[in-house]
Structures are given as structure tokens and as C-alpha cells.
There are 2 protein chains.
Amino acid sequence: MNEDFMNCRAVGVVRSPFKERGDAPSQGRHTDAVSIIDVFPEYQEGLDGLKAGDDLFILCWFDRSDRTVLKTRRRGSENEPLRGVFSTRSPARPNPIALTLVKLVEVTDGTLRVRGLEALDNTPVLDIKPYSEGIDTPRET
Amino acid sequence: MNEDFMNCRAVGVVRSPFKERGDAPSQGRHTDAVSIIDVFPEYQEGLDGLKAGDDLFILCWFDRSDRTVLKTRRRGSENEPLRGVFSTRSPARPNPIALTLVKLVEVTDGTLRVRGLEALDNTPVLDIKPYSEGIDTPRET
């Protein structure tokens, strides 16, 4: 294992109506707002095969999150006990990689219009993965 | 955006029966093998709240993947045309972060036993997130 090489590259950036932390919903599922993902020219070839209507996991780097937090409470749950961040979807975690399932509304050149992303404006995008019911739903055992 | 700070930390490591590339199934869903995730002591507090039976997304850094690939074919699909990596789940991609949904079999101290992980032995683990049906299934529109 060589941590020196676990450096992420932004493959694109989010253009979102949410400019500040308080603007964004706690989960993208709670908004119908459309966000833009601008994929940088050097990575646009990787978009080949995507089409409107696709369900996509977007992995973002939440660059404004606190990476030192290991215990947290869910938003709006100030009376609940603290929980480990790995049992929550809190953006504050050792590697602030957010995972959000979105619907691809339109893809033109290097620009994706997606519904369901809660990321703040200017958030770096690390990866785009197609949702697959066969592997992304819980197994029985 | 400051890429200097997009460096990932391993919060743990996979102990797996799959030692070499050819050993691993293309998706963890295709195996019933149990893998171990050893979470490092400094991050174990973050596991609080996890319990056997939980469905968890595991984010791993596939440190043996080719990060320069933008077009690929699915394994066993050599006759199909090339596709952009963002429309596939290929491990070769600009940020080789694998996303795998597993079933937590047992958690003791800092060790998770999970079913459904296809990662090779010694693969760094970046994050553990609880699956949530409410946000991790496709939206209608």
C-alpha cells in the first residue's frame, strides 16, 4: 500500500444553484433542482456511452468537509447519541467522498445535466459510475 | 478547487482470499467468499453503530488499476465496441475508486467480516457508508 499515490484528480466540477452550505439539502434526493457537471476536456472521452435517463452514481470530493470527525449526529437529530461516521452518510469523514445517485437529464459534449445532486457549486467531481440494479441492491445473505 | 488536498487516507485494508488479479471475480456479487476489512486503530471510533446484517458500500482504492484508460471493454466482451469508462464499472479509470455493496457478517473491534467484496488482498479502504434504500435507488424522474 502506497498512500503517496492515492491522490485524486478532479475529472470535472459541479455547477450548482447551491452556493453555501446552508443552501444545499442534506440529500440530493430532496431536491428537483438540476445541477451541471462540467467534465474537463481531457476526460470527456470517458463519457462515451452515457445517455439521458441513465441513473448514475456521482462521486464528489466535499472539499469543505471536516476530515477529523469520527463521531457525528444526523442533521436535525441533536438529541440522538453520537454515531460513528461510517454508520452515517455525513459529509464529514476521513475521506470526504460523497456518493449520490442522480438521473442524467441531458449530456452534450462535456456537460451533464443531472437531477438529484446536493453538491455545492464548484465541488470537484472524482468519478461517474452507471448504477446497476444487479450489483447495487442489497443481497439476501 | 485545490487538488493538492485531494489526497486519500487508507482507513483500513482488505484481507481477502484473492491475491492476484485473475483470482478476483469481476464483481463481488458473484462470490460468497467472506473478506476481512481491518480498520486501523485511529479510525475505529468511526465504526460505532454498525451491526451484523447491515448493507454497506465499501469504497476502495484499486491501487493496481491503470488510471490513464478512458475507453474500455467489459470483461469477456472483446467483440463489443469500446465505451467510455464513465459508462462502465471498470476498475481502470482516472480515480480508481471501487464501489461495492456488501453484507456485514460480523463486526468485532476494528475488524469487519463482509460478504460480496471483490477487492484484492491488501487493497486500501477509503470509506464505509451505510446503504439507504431511500437515497440509493433510482428516482422516477
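Coordinates for the structure precede this section.
Reading guide: rules and limits
- Residues numbered from 1 in each chain as written.
- Chains lettered and ligands numbered in written order.
- Predicted model: local features only at pLDDT ≥ 70, side-chain atom pairs only at ≥ 80, totals over all residues.
- Heavy atoms only, no water.
- Pairing = 2+ DSSP bridges.
- Helix = DSSP H or I, 4+ residues; strand = E, 2+ residues; numbered from the N terminus.
- Axes fitted to C-alpha atoms, helices over the stretch in contact; angles between N-to-C directions.
- Least-squares fit on C-alpha atoms with pLDDT ≥ 70 in both.
- Contact = heavy atoms within 4.5 Å.

Draft legend 1. Structural context of the sheet that holds strand β6 (residues 97-108) of chain A. Residues and elements named next belong to chain A. If you trace the six strands once around the closed barrel, you get β1-β2-β7-β6-β3-β8, paired in antiparallel fashion. Averaged over all pairs of adjacent strands, the angle between their axes in this sheet comes to 45 degrees, without regard to strand direction. As paired strands, strand β1 (residues 12-15) and strand β2 (residues 34-39) are joined by four bridges and run antiparallel to one another. Across the sheet, the residue bridging to Arg15 is Ile36, located in β2.

Draft legend 2. Geometry of unusual backbone geometry. Even without being a glycine, Asp109 of chain A presents a positive backbone phi close to 50 degrees. Tracing the backbone shows Asp109 of chain A in the loop between β6 and β7 (111-115).

Draft legend 3. Main features of the pairing of β1 of chain A. Where β1 of chain A lies against strand β8 (residues 124-130) of chain A, two bridges are found, and the strand directions are antiparallel. Each bridged residue has a counterpart across the sheet, and for Val13 of chain A the counterpart in β8 of chain A is Pro124 of chain A.

Draft legend 4. Fine view of the relation of the copies chain B and chain A. Superposition record for chain B on chain A: RMSD 0.0 Å, screw rotation 180 degrees, translation along axis 0.0 Å. Given the turn and translation reported, the copies of this chain are related as if by a two-fold rotation axis. Distance from the rotation axis, computed per C-alpha, reaches its smallest value in chain B at Asn7 of chain B: 2.1 Å. Mapped onto chain A, 100% of the interface residues of chain B again fall at the interface, so both copies present the same surface.

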